[in-house]
Structure formats: C-alpha cells, structure tokens
Amino acid sequence: MTLRGYVDRRLLIALVISLGAAALTTAQPWTQVSRAEAACAQARPIRVGDSVACMHSDEAPAGVDVHARPSTGELRARPGAGVAAYQAAQELGVPATQVATTATDPTVPCDGDGTSGYRLQGMYVVEAGKTNRYADLKASLQRWAAGADDVVNRSAALTGGVRHLRYVTEAGGGGCVASILNVTVPAGSMASFSSTVAAVQALGYTAAGRKYVMWTDATVLCGVASMYTNDGATQANPNNGAYAQYARIDAGCWGLGNGTSEHSVEAHEILHTLGGVQNTAPHSTNAGHCWDESDTMCYADGGNHAMVQVCPTEREFFFDCNNDDYFSTYPDPGGYLSSHWNAADSRFLLGGGDGSGGGSLGAPTVLGATIAVNNPAVPGLPTQAAVTPSLPTGRTVAKIVWSSKRTDCTFASPGEVQSTVTCNASATGSTTVTAVITDSSGATKTVSSPLTFATGTARPVTVGLTVAGQTGATPSVCTAASFPVQAKVVDTASGLAVKGVAVPLTKQASTATTAASAGTVTTGGEGTGTVNQSVSVATTYTAKTAASVVYAAAPTVTRVATPGVCAPVLTAAKDTASTYYGDPVTVTGRLTRTVSGVEVPVVGASLPVKLTSVSGTVTKVTVLGNAVVGANGSFALAVKPTATGTLSVELAAAPGYVATKVDLGTVTVLVPETDLTAAVDRTDVGYGNPVTLTGKLERVAGSGRTPLVGSTVTAKVTAAGKVTVVGTGKVTATGVWTIVVPLKVSGTLTAGYAGAAGQPADEVGLGTVTAGTWTTAVAATASATHVALKGSFVLSGSVSKTYAGSTVPAGAIKASVYFTATGTSSLRTR
C-alpha cells in the first residue's frame, strides 16, 4: 500500500481477524477465548460480543488527523476511488467493462429486487447528541460506494473477468445507487470497534447475509474490519455469509483515493470482510495484509515481512499485485488461489460465487500451468507425466523442459507437454518431477510434482542376449574382430523394458575349463546394456540378473559365439561432388553381412575414408578420417578435403574380414575468395597523432560469407621504396577489425591480409597519409625580475604544438633554459 506523494504516510487500518469460525455473537468458553487472545501475537486483542478478534492499528496518513472532524464541504469535495482507479487503469491498459469512469457517477449495477440475497449494506452511523450530516453527505457516500465498486471491477479486469459489489440498492443516478441507512447509536458507541458493532447489533443489524459498511461520523480511527482466518476454498468459507461482518471507516478517511497517492479505505476494508488477506497467502504479512507492493491491501502492518516493490505503482489502486494472494478471476492453475479462499469467488460479488460454486472465470493474463504425474511409479518402468499450460491470449508455448531431482531419471519426450519418466530399477522413496514452460513472450512457469516409487511382490523379468546383432543360440562372429554383446531386461507383466538393472555377463572359450567375467552392464532407457567383445575360438556367453526388492531374478540365458572369416557388403556415397577448401563432405553408407539369410550389421568396424590426388607425376593418398559402423550397420563421417581427387572408403583385410572397397568418385576442391574492406578516418595528422583503420575480412565461398575470425590484418606505410608496418589488428566474430596507428611516417597506406592455406591474400590501398610537423610555441614567466646575488627565482611556462589549426599541449618534451649575462652576448644554459 504505497502512499505515493507523501513521506511516511500510513493509513490507520485496523483489521479484526476472528480466530475461528464462531459468529461475532456466539459465546465461547473462557479458556478458548484466552487462547484466542494469546494467538493475537503482535496485534491487539479485541472482544466483539463473546468472540475475540485481533486489531492492527497503525499511524494515520501524514497530514490527516483522524481526531479532527472534517467539514461537510471538505468531505463533499473528496472524489473517492473512482477517478484514481480509472486513471490507473488507463495507464495499465486494463480493459474493464461496465464500470464508472468519472468521480461523480454514483451508479452501481442493479441486481434483482435490490435487497434479497447476500449483499453489502451501506450505513451512515452517528452517535446520539452529535450533528447528523446524513442528508448533506448521502450523495457523497453513494459516490464513494460506487468508487469502491470500481476498484473491485477494475481489479477483476486485470485477470479478464467482471466483478461488482452486490450492494443493497435503491433507485437513483439513472439506475441504481447503494442504499445508505441513517443509523444513530447511543453516545459512547464510537469509542471502539467492538462497541460500535455491539450498538448496531442491538439495533438488529445482524443478518448473516449482510456485510455492513459503516461510514462512522467519528474521530477515533481510520478504518477497521472483521475477517475470519479461514483459507478454505469452498463457498462454505465463513467469510462468505456464514455470519454478519462489519467494516468501519471514520470521517477522516472517508472518500480517499485522489489519484495521486491514496487508495480507497472503503475498498480496503470491504476486501477484508470478503476474506483477504489470509495468513497462508504466499505474500502474507501474517497480520492480514500483503507485502508485495503496490497493492491496495499491502502495507507495513507490523507483520513478519518487509515491504518489497514488485508491481507498478499504478497497482496501488487495485487488488492483488500479480493476482496470486487473495483476488483473481482466473487463478493460476495449481497456484495458491486454485486451492485456497479467493475473494473473487465471494457471493457478495456480482459474477462471484453462488453458494455452491465459484465465480465466473476470466481469462489468463499471466502464464500458468498444472502438472500431473502418475503415481506411484514402478522403478525401472516408465510412468506418465503431463503439463497443461494456461496461456494468455495471443501467446504460444515456446519451450518445455522436464527434469527430476534424481539424475538417473530420464524423459522420453523432454520437450513435449506429455512425456514419460523412467528412473532406475533401484529407485526407492520419492523424488520430484519438474516442468519449466516458456511462452512466446519469454515468460516462464515452473511446476513440480512428487514422484513416488512402488514396492511389493517382486516382479518377474526376462533377460534377452544378442550377440553381433543375432538372437540365435549360435551366433556367427568375425574372427578377432570386435562385436557387441547386448543384454535386454523386460518386465514380464507389462512387456516393457526395464531401466537400471545390473546384468553380469560371463564368457567361456571352448579351450577354457572355467568361465570368466565379460563385464557387468546396466540397462539404459531401452532396457539394454552392451559390452564389446572379440574372440578367435567358439565362446559361450551367459547373462543373468539377481533378485531385488522390485524384481525377481531372471533365468540365465546362453549364447555360443562362433568365429569365422566374414565377407561384409559395403555400400557408400558422398553428399557432394565439389566443395571449397576445408569445407565438409559427408560420406555415408552401410557395412553388413548375411547370416542364414538375415542381414547382420558389422558393428564397430573401422572404415578409413581416403583421398587420392595427383600433382604432376606424384600420386598422394591421404586418410581423411575413419568411419565407425554403428549398431544398425550404418556409418557417417564428415571429411574436409584440401585438394581435388578421388574419394574412397574401404574395409581393410583382417583375420576376420575379407577386404572390400567402394570408390566414391571425384571431389573437386575450390579455393574460396578473400574479401577485405578497409577505411581510414584521417589522412593528414600531426606527427604521432592517431589514425584509425577499420574494415571487415571475410571468406567468400559461393554465396556463403563467413568471418575469418582471429586472422591478422596488417597496416603498412610505403615511402621511397621502404615499407613500414605501423600496426596490426585481429578479426572479431563479426568479421570486423580495427587498427589504431600513432602515425609517424608519411607515405602510401595499405591494409593487408597475408593469406593462409586455402585462403588467398588480399590488400586494400588507402591512399597517401601525412604525418605532419608541428609548430611549437613556448610561453614562460619568471617569478621575479630582480633577485639578490646567488638568489633564486622560479621560471614556469608551457609548451604547445599546432598543426592544421589545432593547438594542443606538447607533452614529454624537454625544455632548456638559457640566459645572457649582463654585458655579454653569449647564451648560457642553466
């Protein structure tokens, strides 16, 4: 509640918070009342009837004396909240509808017969024996009531909704105006809030379906209201018509909200009776208000948090900075207000709740989201995770990132709204799954959900064993060549692969009497783990798993790898027949062999890619790189030829392989061009003054241009056949280079690039430059014209230099002092 335009300006806002669901007139046992009083902590306990509530009192606004009774004329001049809310809405671009736009409009929406249902009842309250100003101020009171309604509806518009205070109304203002009762209470009833409430209750104003807004013609306090500390989200919340509630505003604080500093005290107190701000709210002071300024309900009330400027100052005239604590017509899905009491759902508001459900939805104005994770998850198996974004109009989802606190958890679709998450089979307890959504405006929303892990009867699994891509009992392998041994663990009940299971492997050569370890693999997201092997004799491989808390032991599986000489089939192609020097050419292909009519990949084989070039009578063969065959038999390798020649890829002969080769044809290597640009800022300067050379250096390969980053550009001056290097500069990531030269040589200036392998040199002439001679001027004064014999004096002065009309101090110059003795003509130095 920033009070702009005032220094240390604070409203005297007193909040009465009932510490239970009891009505203000319901009796409580004394011990219960004592506990309630103790719970007031920083606040002052107050009794209202037989209940105990908490009152928070603060300093009055600077310049406002709540003990001084404002004149009727002064009060009539107060505009109320309407104009300030309107001006702030214009600044914020709030698209509110059906609201007053002038300070003089007292109209409020008509609803039904104007009396039935849950409503706010306006009351002018004065003590007996005091001047009754009801007739003089009724129109002002109705205007201030309309201003509070304007605050409510413009606050609703911030989240795309419509809300109005449901007043008891009467005809007027071209439609309906708030009904303001003229109530006189006994002398002394204004001494405290509790005595005022007791006085109006004694007159029968106790209806549970009413919130009594009392403009009390008194000089005791600024504002005070009752609120139940209950954050239940349903329409049964006690702030929603379970009991009569009361707000009191004394005359000094009537009609504030002048558009420069003050918000509406009436709107503030009414919002308290609607149930805000609950102590559980994210930005609660724990004393009935909020700390994230600017906001009608935020101020330093002595609670447990300092004020923080979060929202624009224009939000001072509206409810709920960021719409996340107590009032929103479109609560952030999964946020606090989606599961706690939201004053915008009050049935005392048109558009609010109806006693069984919440109010009509507005539209999202900030990015929101909900997350759902299927729990519990079986460790090692995937479980579903989904995030549902709530996007403001015109925005789209730009990016989604899934993560988990467990580093072994992986996501099948980490950038999609729906994914699955799989954690290792050894996972226990619980972890957290988080999704971060970024929309097209750059806004982000982070939502998280717990992920728990199921335990119980051990689940049966099977282990599959694949050798060199074959699942048969006696797979064929190439003698002494590398081949993969892959274990796969599958959950029997679901048929899904299991992640994170350790599978020990053993091997026993036909010439050995005992088995040896072939390593232990841990299954990944596809349920597989792989180890590379090579054999020269028939070798038996086995795989098994041990029992765990979640999975039973799998039956042992066996494969016999039988070596022999393989005759693989090699296919290959290049992606281009010409390229520029050093640019990539991608070679792709497959290396497979046929076993029992089935194509089997030759996994892990190394295939050199060679370039055969001819220069004159010399033939040169260069290995440009080695492609490695992947699990599916394919390979890809980007090579960078630097000469024209013939490309080939081959499999060399080995104990396990018959050699094979594929010629890929000629690749023509072109030399790119060099584009050097240069300019100099000045060509005629005084000796030693700087000149600045700038330009760009780029590699031009066809239509492509790239900066020659890190290359050196050299500045030279040539005079009388002599070349002098006067400076160098490096090319930046954007291709730009700069050289600052203290020019001391006159002649022809050039900027040049010396070239590199595959990149030609280039030079740009910049014309003649002149390092001119300065004209020197010396000025000096003596501290005295006569001194005693052997006396001293101070000689001070300056040396300046001038070139081309510009005069500057001449620094780092030695000055000598000469004198001529009287009666002589010779100079002497001193």
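Refer to the structure above for everything that follows.
Residues numbered from 1 in each chain as written. Predicted model: local features only at pLDDT ≥ 70, side-chain atom pairs only at ≥ 80, totals over all residues. Heavy atoms only, no water.

Student: Would you mind showing me how to read the overall build of the chain here?
Tutor: From N to C terminus, the chain includes six helices and 53 strands. The 830 residues of the chain split such that 46% are buried. Long-range pairs, those at least 24 residues apart, make up 65% of the contacts in the chain with a sequence separation of at least 6. Of the roughly 36,300 Å² of accessible surface on the chain, a fraction of 53% belongs to carbon and sulfur atoms. (Helix = DSSP H or I, 4+ residues; strand = E, 2+ residues; numbered from the N terminus. Buried < 20%, exposed > 50% of the residue type's maximum accessible area, 1.4 Å probe, protein only. Contact = heavy atoms within 4.5 Å. Areas by Shrake-Rupley, 256 points an atom, 1.4 Å probe, with all protein chains shown as cover.)

Student: What am I meant to see in the side chain of histidine 263 here?
Tutor: Along the chain, histidine 263 falls in the loop between strand 12 (245–250) and helix 6 (265–273). A distance of 2.8 Å separates a polar atom in the side chain of histidine 263 from a polar atom in the side chain of glutamate 316. (Polar contact = N/O pair within 3.5 Å; in protein donor to acceptor, adjacent residues only side chain to side chain.)

Student: Mind showing me how you'd approach the state of the cysteines here?
Tutor: Cysteine pairs can be linked by a disulfide, which is a covalent bond between their two sulfur atoms. Scanning all chains against the criterion turns up six disulfides. With a sulfur-sulfur separation of 2.0 Å, cysteine 311 is cross-linked through a disulfide to cysteine 321. Taking the torsion about the S-S bond as the criterion, the cysteine 311 to cysteine 321 disulfide, at about 80°, is right-handed. Within this pair, whereas cysteine 311 is found in the loop between strand 14 (308–309) and strand 15 (349–350), its partner cysteine 321 is found in the loop between strand 14 and strand 15, the two being separated by 10 residues in sequence. Accessibility classification places cysteine 311 together with cysteine 321 in one group, the buried group. (Disulfide = S-S within 2.5 Å.)

Student: Explanation requested: the pairing of strand 7 (residues 169–172) in the structure shown.
Tutor: Taken residue by residue, a regular strand's side chains alternate between the two faces of the sheet. Relative to strand 8 (residues 175–178), strand 7 is paired through four bridges, and the arrangement is antiparallel. Within strand 8, the residue paired with threonine 169 across the bridge is alanine 178. Taking the residues that link successive antiparallel strands as the turn, the strand 7-strand 8 hairpin has two residues, and the phi of glycine 173 there is positive, at about 65°. (Pairing = 2+ DSSP bridges.)

Student: How should I be thinking about the side chain of histidine 289 in this particular structure?
Tutor: Topologically, histidine 289 is positioned in the loop between helix 6 and strand 13 (292–293). A polar contact is formed between the side chain of histidine 289 and the side chain of histidine 268, at a distance of 3.3 Å. Looking at histidine 289, its side chain comes within polar contact range of the main-chain oxygen of alanine 287, at 3.4 Å.

Student: How should the sheet that holds strand 22 (residues 444–452) be read in this particular structure?
Tutor: In a beta sheet, neighbouring strands pair by backbone hydrogen bonds and run either parallel or antiparallel. The antiparallel open sheet is built from three strands, whose spatial order is 18-21-22. Both edges of this open sheet fall to strand 18 (397–404) and strand 22, since each of them pairs with a single strand only. Taking each pair of neighbouring strands and ignoring which way they run, the sheet shows an average axis angle of 15°. Here nine bridges tie strand 21 (residues 430–439) to strand 22, and the two strands are oriented antiparallel to one another. Within strand 22, the position partnered with valine 436 by the bridge is threonine 446. (Axes fitted to C-alpha atoms, helices over the stretch in contact; angles between N-to-C directions.)

Student: Please clarify how the nonpolar core should be interpreted in this entry.
Tutor: For soluble globular proteins, nonpolar side chains are generally found buried alongside one another. Residues Tyr167, Trp254, Phe319 and Phe327 are the most contacted members of the largest nonpolar core, which totals 48 residues. Going through the elements one at a time, strand 5 (119–127), helix 4 (134–157), strand 10 (210–216) and helix 6 are the ones with two or more residues in this core. Looking at which element gives the most residues to this core, the answer is helix 4, with 10 residues. Leaving out residues up to four positions away in the same chain, tryptophan 254 has contacts with Leu75, Arg78, Tyr124, Leu137, Trp144, Trp215, Thr216, Asp217, Ile249 and Glu266. (Core = buried A, V, L, I, M, F, W, Y, C linked by side-chain atoms within 4.5 Å.)

Student: Help me out: how do you make sense of unusual backbone geometry in this one?
Tutor: Across residues other than glycine, the phi torsion is negative in most instances, and most of the peptide bonds are trans. Following glutamate 293, the chain continues to serine 294 via a peptide bond in cis, the omega torsion being -5°. Relative to the helices and strands, serine 294 is located in the loop between strand 13 and strand 14. Going from asparagine 375 to proline 376, the amide bond is cis rather than trans, its omega being -10°. A positive phi angle, near 60°, is found at aspartate 320, a position not held by glycine. Looking at the secondary structure, you find aspartate 320 in the loop between strand 14 and strand 15. A residue is classified by how much of its surface remains accessible, and aspartate 320, at 0% relative accessible area, is buried.

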